[in-house]
Amino acid sequence: MEQKADILRIEKISLADGAGMRTVVFFKGCPLRCAWCSTPESQEMDPEVYYRKEKCRSCGRCIALCPNHALTFDEENKYVIRNRHKCANCKKCAAACLYSAQQIYGKEMTVSQVMKEIRKDELFFFHSGGGVTLSGGDLFCYTDFAEELLIRCKDEAVNTCAELAMLAEFKDVERIVPYLDSFFVDIKIMDPVKHKKWTGRDNASILKNIAGAAEICNKNAMMARVPLIWDINNDPANIRETADFYASLKNCAFLEFLPYHRLGVNTYERLGRGYALAGLKNMSNEEVYGQINFLFDKKWPFDIKISGKTVYQSQI
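Source: prediction; values computed, not measured.

Novice: I'd like to hear about the side chain of Asp138, residue by residue, with values.
Specialist: Among the structural elements, Asp138 can be located in the loop between strand S8 (131–135) and helix H5 (143–155). Summary of buried charges: Asp138 has no salt-bridge partner, and the nearest side chain of opposite charge, Arg201, is 8.9 Å away. When neighbours within four sequence positions are excluded, Asp138 is seen to be in contact with Phe27, Gly29, Cys30, Pro31, Ala165 and Leu167.

Novice: Give me the nonpolar core: which residues, what numbers.
Specialist: One finds Phe183 and Tyr246 to be the most contacted residues of the largest nonpolar core, which totals 78 residues. Beyond its immediate stretch of four places on either side in the chain, Tyr246 contacts Val185, Asp186, Ile187, Ile210, Met222, Ala224, Arg225, Cys252, Leu255 and Phe302. Counting 11 residues, the second-largest nonpolar core is a separate cluster that includes Tyr51, Cys62, Leu71 and Cys93.

Novice: So what's going on with the pairing of S8? Residues and values would help.
Specialist: In terms of burial, S8 is a largely internal element, 5 of the 5 residues being buried. Of the pairings in the sheet, the one linking strand S2 (residues 22–27) to S8 comprises 5 bridges and is parallel in character. Paired with Thr23 across the strands is Val132, a residue of S8. Between the parallel pair S8 and strand S9 (residues 159–164), the chain is carried across by H5, and the sense of this crossover is right-handed.

Novice: Report on the packing of aromatic side chains, specifying residues and quantitative values.
Specialist: Under the criterion given, the structure shown has 8 aromatic pairs. For the pair Tyr50 and Tyr105, a centre-to-centre distance of 3.7 Å together with 20 degrees between the ring planes defines the contact as stacked. Placement of the pair is Tyr50 in strand S3 (residues 48–51) and Tyr105 in strand S6 (residues 102–105), with a sequence separation of 55 residues. Note on accessibility: Tyr50 and Tyr105 belong to one class, buried. Taking 5.6 Å as the distance between ring centres and 20 degrees as the angle between the ring planes, the aromatic pair formed by Phe296 and Tyr312 counts as stacked. Residue Phe296 is found in the loop between helix H11 (285–292) and strand S13 (303–306), and its partner Tyr312 is found in strand S14 (residues 309–312); the two are separated by 16 residues along the sequence. With relative accessibility at 22%, the residue Phe296 sits in the partly exposed group.

Novice: I'd love a proper account of the pattern of salt bridges, names of residues and values included.
Specialist: Tallied over the entire structure, the rule returns 27 salt bridges. The residue Lys4 makes a salt bridge to Glu108 at a minimum N-O spacing of 4.0 Å. Taken as a pair, Lys4 in strand S1 (residues 4–14) and Glu108 in strand S7 (residues 107–110) lie far apart in primary sequence, 104 residues in all. On the basis of relative accessible area, Lys4 is assigned to the partly exposed category, the value being 43%. A salt bridge links Arg175 to Asp144, with the shortest nitrogen-to-oxygen separation between them at 2.6 Å. Separated by 31 residues along the polypeptide, Arg175 in helix H6 (residues 170–176) and Asp144 in helix H5 bring together distant segments of the chain. Judged by relative accessible area, which is 25%, Arg175 ranks as partly exposed. Exposure remark for Asp144: the relative accessible area of 40% places this residue in the partly exposed category. Residues joined in a network through salt bridges with shared partners are Lys12, Glu117, Lys120 and Asp121.

Novice: Give a description of helix H8 (residues 204–216) that names residues and reports values.
Specialist: Taking 1.5 Å as the rise per residue, H8 with 13 residues should run 18 Å; its terminal C-alpha atoms sit 19 Å apart, in good agreement. Those residues of H8 that sit buried are Ile206, Leu207, Asn209, Ile210, Gly212, Ala213 and Ala214. In this structure, the buried residues of H8 make contact with H6, strand S10 (182–186), helix H7 (192–199), strand S11 (222–228) and helix H9 (236–247).

Novice: So, helix H3 (residues 111–119): which residues are in play, and what are the values?
Specialist: Since the α-helix advances by 3.6 residues per turn, residues separated by three or four positions end up pointing in the same direction. The set of residues buried in H3 consists of Val111, Val114, Met115 and Ile118. For H3, the angular spread of buried residues about the axis comes to 100 degrees, placing them on one side. Packing partners of the buried residues in H3 comprise S1, S2, S7, helix H4 (122–128), S8 and H5.

Novice: A description of the sheet that holds S2 should follow, citing residues and the corresponding values.
Specialist: Read across the open sheet, the 10 strands follow the order S7-S1-S2-S8-S9-S10-S11-S12-S13-S14; overall the sheet is mixed. The open sheet terminates on both sides in strands that have one partner only, identified here as S7 and S14. Neighbour to neighbour, the strand axes of the sheet diverge by 30 degrees on average, direction disregarded. Sheet topology places strand S12 (residues 252–259) next to S13; 4 bridges connect them, and they run parallel. Across the sheet, residue Phe257 finds its bridge partner in S13, namely Ile306. Sheet contacts for H9: S10, S11 and S12; angle to S11, the most-contacted strand, approximately 170 degrees.

Novice: Now, about the environment of Ile118: what can you tell me, with residues and values included?
Specialist: Here Ile118 is to be found in helix H3. In contact with Ile118, other than residues within four places in its own chain, are Lys12, Thr23, Phe125, Val132, Leu149 and Cys153.

Parameters at a glance
Residues numbered from 1 in each chain as written. Predicted model: local features only at pLDDT ≥ 70, side-chain atom pairs only at ≥ 80, totals over all residues. Heavy atoms only, no water. Helix = DSSP H or I, 4+ residues; strand = E, 2+ residues; numbered from the N terminus. Buried < 20%, exposed > 50% of the residue type's maximum accessible area, 1.4 Å probe, protein only. Lys, Arg positive; Asp, Glu negative; His and termini not counted. Salt bridge = Lys/Arg side-chain N within 4 Å of Asp/Glu carboxyl O. Contact = heavy atoms within 4.5 Å. Core = buried A, V, L, I, M, F, W, Y, C linked by side-chain atoms within 4.5 Å. Pairing = 2+ DSSP bridges. Right-handed = clockwise from strand over helix to strand, strands pointing away. Phe/Tyr/Trp six-rings, centres within 6.5 Å; stacked < 30°, edge-to-face > 60°. Expected span 1.5 Å × (residues − 1). Arc of directions from axis to C-beta. Axes fitted to C-alpha atoms, helices over the stretch in contact; angles between N-to-C directions.

Structure representation (structure tokens):
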């Protein structure tokens, strides 16, 4: 039987997820719960309903058809409220909605169905040096599916990349990494206690898997990223320790720092979930530079970037 997985979405012609123009396959499901996550719709493995109140016409069809009486109408604010404890995620509300106010994040797809979408972009891959990037969520929630998809991509000479959370058993990492031409990894926080506080899990296996992947991957295939978050991981000690860790590994092409942003806030609202960092302001590239430029007093075996722009070139 062909492998299946819950796919959040497939984005076309992305320029920020690897070399060239890329088709990005987003898996649904992630073992981490990062407080700053900008794609909370990718966290749960199963497809789930979300609500866009700006599209709602207050017709009441979804409320009437909900078998568990999980939906009520707020007369004062004129929108539907979902009781997540009562909701069975049956999705009847989405099927009933005539105005696309109730919609679904994710759908089950086979490897062949995903490959059909990938093939539509082969011309862009050829002319731009691009390919496919597997993102998430986390592909290690669907290792069998991801491995089969990557094998199919390699059979058709499609360049492969992935964004790996690395919270998995190393035997699964060994199955995936050899099929990747390149891959992104990130260490949110080096301190295991703080890492668990802000992501829900400690980082012991993540660090071990990143180090192991560096040993078995293609030359300079690893691309390291650090999402820099105010008052969580932007202290000099954590920044230096993170850079030192990556410097100890083989095959790390660059270390990239990404400024904190609030792009996922609306998605939390659509899912009926609170956003943990609601009071935190966006971070600019200039503010990132001011926090990391002390690293430039040392020679590093990789380039250092901010949002894709090289700000330090390796002298080793």
